[in-house]
Amino acid sequence: LCCFQLYGYCYQDSNDIPDTLTTITELGSPLEMIQLLQTSWEDRFRICLSLVRLLHYLAHSPLGSVTLLDFRPRQFVIVDGELKVTDLDDASVEESSCTSNSDCFMEFPARNFTLPCSVEGRCQNMNEKRNLYNAYRFFFTYLLPHSAPSSLRPLLDKIVNATGNHNKHGNAKYPSPSVNSEFTQKCVKSANTHKSDSFYRRVPEASIPDENYRCWPSYHHKGCLLSVFDVNEAIEICDSYSQCKAFVLTNQTTWTGRQLVFFKMASNHIVPDPDKTTYVKVTD
């Protein structure tokens, strides 16, 4: 699940190109960080969650702890919203040898770490820690905090700090399954204490095909399409946009189960639609 799926391979030995191996793998999209920052926070969280699964697999693989020596965004692709590693040429299962703790020095641009040297003469957890800190500096610090829901920020701080800091015993810290589960649940059901002073008229089986305006981040490039937990959250969002005068609940959901809603700047043309429900702001 964490690496490219191999569909097949072909070995060819010819006079022109000896020892040639051709592989056929699944198709993925190149990872462009600028484009990712323009996507919804929910999709970025999904990518980070798949990265956590990859880190866990690398730390407990059948070959032992595996480190990616070239751990950069260009080594990954997106497949169906999940992050997968494509280039394993620089993967290594060898833990660095040492005679003292000073031999287990890891240097990064922003900070450095010194790990314990075990009695077996190996730097403890160096492979695991290198992967974890690279994930923190290349992915988590950019994708998780940026435009995150306020109700999730305490958990975000917990996860980001766990990946960016390591204790003195050198044990790599991963977000535990309970934290991941809690995080996903809060992503679906974000805290909502908003009390609207506006009144919205419910129009069942109806939609507004036009009257779009753009917002960020949006699931639709020509309109304002966002995910909500319930109608109250949709009202909160509509109240926060001065141009929003109505919204349309669709029957589509995101990967966490949140409902997709179109926000509109007018309600002059309402049409029948059995799969949607429209809410119109009532003004004095």
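Criteria and cut-off values
- Residues numbered from 1 in each chain as written.
- Predicted model: local features only at pLDDT ≥ 70, side-chain atom pairs only at ≥ 80, totals over all residues.
- Heavy atoms only, no water.
- Patch = residues over 30% accessible without salt bridge, like charges linked within 9 Å, V, L, I, M, F, W, Y side chains within 5 Å.
- Areas by Shrake-Rupley, 256 points an atom, 1.4 Å probe, with all protein chains shown as cover.
- Salt bridge = Lys/Arg side-chain N within 4 Å of Asp/Glu carboxyl O.
- Helix = DSSP H or I, 4+ residues; strand = E, 2+ residues; numbered from the N terminus.
- Buried < 20%, exposed > 50% of the residue type's maximum accessible area, 1.4 Å probe, protein only.
- Polar contact = N/O pair within 3.5 Å; in protein donor to acceptor, adjacent residues only side chain to side chain.
- Contact = heavy atoms within 4.5 Å.
- Core = buried A, V, L, I, M, F, W, Y, C linked by side-chain atoms within 4.5 Å.

The name given to the chain in an unreviewed UniProt entry is PKDCC kinase, and the organism recorded there is Brachypodius melanocephalos.

The subject of this paragraph is a nonpolar patch on the surface. On the surface, a cluster of nonpolar side chains totalling about 410 Å² of accessible area is made up of Y9, Y11 and L21. The topology assignment puts L21 in strand β2 (residues 20-25).

Trans peptide bonds make up most of the peptide bonds, and negative phi angles are found at most residues other than glycine. Unusually for a residue other than glycine, D80 sits at a positive phi of about 55°. Its place among the elements puts D80 in the loop between β5 (76-79) and β6 (82-85).

What follows deals with the side chain of T67. Inspection of the secondary structure puts T67 in strand β4 (residues 67-68). Overall, T67 belongs to the buried group, its relative accessible area being 1%. Of the polar contacts made by the side chain of T67, one reaches the side chain of N131; its length is 3.3 Å. Aside from chain neighbours lying at most four places away, what touches T67 is D90, A91, S92, N127, R130 and N131.

Let's shift gears to the nonpolar core. Counting 32 residues, the largest nonpolar core has L51, F71, F76, L83, F139, F140 and L144 as its most contacted members. If you tally residues by element for this core, the top one is helix α2 (residues 41-59), at 10 residues. C215, C244, F247 and V261 belong to the second-largest nonpolar core, a separate cluster that totals 16 residues.

Here we come to the pattern of salt bridges. Scanning all chains against the criterion turns up 8 salt bridges. Measuring nitrogen to oxygen at the nearest pair gives 2.7 Å for the salt bridge that ties R72 to D70. Under the relative-accessibility criterion, D70 is labelled buried at 15%. As a salt-bridge pair, D273 and K276 come within 3.2 Å of each other at their nearest N and O atoms. Assessed through its relative accessible area of 16%, D273 is described here as buried. Assessed through its relative accessible area of 22%, K276 is described here as partly exposed. Several salt bridges share partner residues, and in doing so they unite E42, E233 and R258 into one network.

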